[in-house]
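Next come the chains, spelled out residue by residue.
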Amino acid sequence: AQKITQTQPGMFVQEKEAVTLDCTYDTSDQSYGLFWYKQPSSGEMIFLIYQGSYDEQNATEGRYSLNFQKARKSANLVISASQLGDSAMYFCAMREGLDSGTYKYIFGTGTRLKVLA
Amino acid sequence: DTEVTQTPKHLVMGMTNKKSLKCEQHMGHRAMYWYKQKAKKPPELMFVYSYEKLSINESVPSRFSPECPNSSLLNLHLHALQPEDSALYLCASSQGPRTGGVGSNQPQHFGDGTRLSIL
């Protein structure tokens with residue numbers, strides 16, 4: 001069963017507009033972490049933002065914010081004021097197994113974002 | 001510049017060759033990872049080392065052999081690869097399981113990857 005689901009294979013957004021990238025997850029762990037990464041066409045994976053399962057407030061990092069709805073098991077990424085340089089693949093990832101002390105990161109299938117001038 | 005350094009950036013090898021991919025980090029991280037990524041796909045976990053010991057092997061074929069000589073270095077030895085092994089190989093590191101609390105921010109830091117082509 002898919003543990004991280006990103007239902008939007010591709011998205012377009014106009015420059016300076018906000019965009020939301022969807023992510024839902026599935027885990028039976030009580031302790032887990034959720035991450036978003038950006039991967040430009042050059043290939044490097046860039047960490048953007050993190051949300052812990054016990055964090056009560058939504059995480060924010062500059063233009064990035066994470067809309068965390070624990071009961072719905074969703075962790076959507078919101079990018080405000082989109083820039084041309086935001087065009088990239090975006091991956092949602094989950095770190096589970098914190099309770100056992102041996103954990104791994106699981107990635108969703110990604111959303112390719114294209115920012116239009 | 002990334003804090004995780006991978007070499008080489010590109011590698012072309014024949015199916016009978018033996019080569020190694022190298023990864024180095026100096027952030028004091030005690031968990032290191034190898035991923036394989038095909039074009040337009042998410043990274044697939046291959047191996048996890050935790051405190052220099054192999055903790056996860058995701059049923060990777062034996063033609064891939066990982067090695068962690070010390071806490072800063074991670075190698076991936078390649079032998080008798082197949083054309084379908086052509087991919088981007090990403091190394092990553094993070095704080096070990098024993099550091100940080102449940103709520104600690106422990107992202108993985110990735111290298112730029114090695115683009116491997118098997119002829």
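Residues numbered from 1 in each chain as written. Chains lettered and ligands numbered in written order. Predicted model: local features only at pLDDT ≥ 70, side-chain atom pairs only at ≥ 80, totals over all residues. Heavy atoms only, no water.

Peer 1: In this structure, what is going on with the interface of chain A and chain B? I would like to understand it.
Peer 2: Bring the parts together and some accessible area is lost; that lost area is often taken as the interface size. Each partner contributes to the interface: chain A provides 24 residues, whereas chain B provides 28 residues. Summing both sides of the interface, chain A and chain B together bury roughly 2,000 Å²; the carbon and sulfur share of this comes to 58%. At the boundary of chain A with chain B, the tally comes to 0 salt bridges. Here chain A and chain B share 2 residue pairs in polar contact (both at pLDDT 80 or more) between them. For the side of chain A that touches chain B, the elements supplying multiple residues, two or more each, are β5 (33-39), β6 (46-52), β10 (88-96) and β11 (104-107) of chain A. Considering only residue class, the side of chain A that touches chain B consists of 12 nonpolar, 9 polar and 3 charged. (Contact = heavy atoms within 4.5 Å. Buried area = accessible area lost by both parts, 1.4 Å probe. Salt bridge = Lys/Arg side-chain N within 4 Å of Asp/Glu carboxyl O. Polar contact = N/O pair within 3.5 Å; in protein donor to acceptor, adjacent residues only side chain to side chain. Helix = DSSP H or I, 4+ residues; strand = E, 2+ residues; numbered from the N terminus. Nonpolar A, V, L, I, M, F, W, Y, C, P; charged D, E, K, R; others polar.)

Peer 1: How should the state of the cysteines be read in this particular structure?
Peer 2: All names here are of chain B. One pass over the structure, following the stated rule, counts 2 disulfides over all chains. Between the sulfur atoms of cysteine 23 and its disulfide partner cysteine 91 the distance amounts to 1.9 Å. Taking the torsion about the sulfur-sulfur bond, which here is approximately -70°, the covalent link between cysteine 23 and cysteine 91 counts as left-handed. Of this pair, cysteine 23 sits in strand β3 (residues 18-25) while cysteine 91 is found in strand β9 (residues 87-94), placing the two residues 68 residues apart along the sequence. With relative accessibility at 1%, the residue cysteine 23 sits in the buried group. (Disulfide = S-S within 2.5 Å. Buried < 20%, exposed > 50% of the residue type's maximum accessible area, 1.4 Å probe, protein only.)

Peer 1: Honestly, the packing of aromatic side chains in this entry has me stumped. Any pointers?
Peer 2: Aromatic ring pairs are described here by two measures, namely the spacing of the ring centres and the angle between the planes. If you walk through the whole model with that rule in mind, you get 15 aromatic pairs over all chains. Arranged with centres 6.2 Å apart and planes meeting at 70°, the rings of phenylalanine 107 of chain A and phenylalanine 110 of chain B form a pair that is edge-to-face. Here phenylalanine 107 of chain A, found in strand β11, pairs with phenylalanine 110 of chain B, found in strand β10 (residues 109-110), and the two come from separate chains. Judged on exposure class, the residue phenylalanine 107 of chain A and its partner phenylalanine 110 of chain B are both buried. One aromatic cluster is present, built from ring pairs that chain together Phe35, Tyr37, Phe47, Tyr50, Phe91, Tyr105 and Phe107 of chain A together with Tyr33, Tyr35 and Phe110 of chain B. For the cation-ring pair, arginine 63 of chain A lies above tyrosine 64 of chain A, with the distance from its terminal atom to the ring centre recorded as 5.7 Å. (Phe/Tyr/Trp six-rings, centres within 6.5 Å; stacked < 30°, edge-to-face > 60°. Lys NZ or Arg CZ within 6 Å of the ring centre and 35° of its normal.)

Peer 1: Hey, could you run me through the nonpolar core in this one?
Peer 2: Note on soluble globular proteins: their nonpolar side chains tend to be buried together. Core analysis: the biggest nonpolar cluster contains 25 residues, and Trp36, Ile49, Leu77 and Tyr90 of chain A have the highest contact counts within it. Elements supplying a minimum of two residues to this core: β3 (19-21), β5, β6, β8 (64-69), β9 (74-79), β10 and β12 (111-116) of chain A. Excluding anything up to four places from it in sequence, tyrosine 90 of chain A contacts Gln6, Leu21, Trp36, Tyr37, Lys38, Leu48, Leu77, Ile79, Gly110, Thr111 and Leu113 of chain A. Counting residues in each nonpolar core, the second largest holds 22 residues, with Cys68, Leu74, Leu78 and Leu81 of chain B among its members. (Core = buried A, V, L, I, M, F, W, Y, C linked by side-chain atoms within 4.5 Å.)

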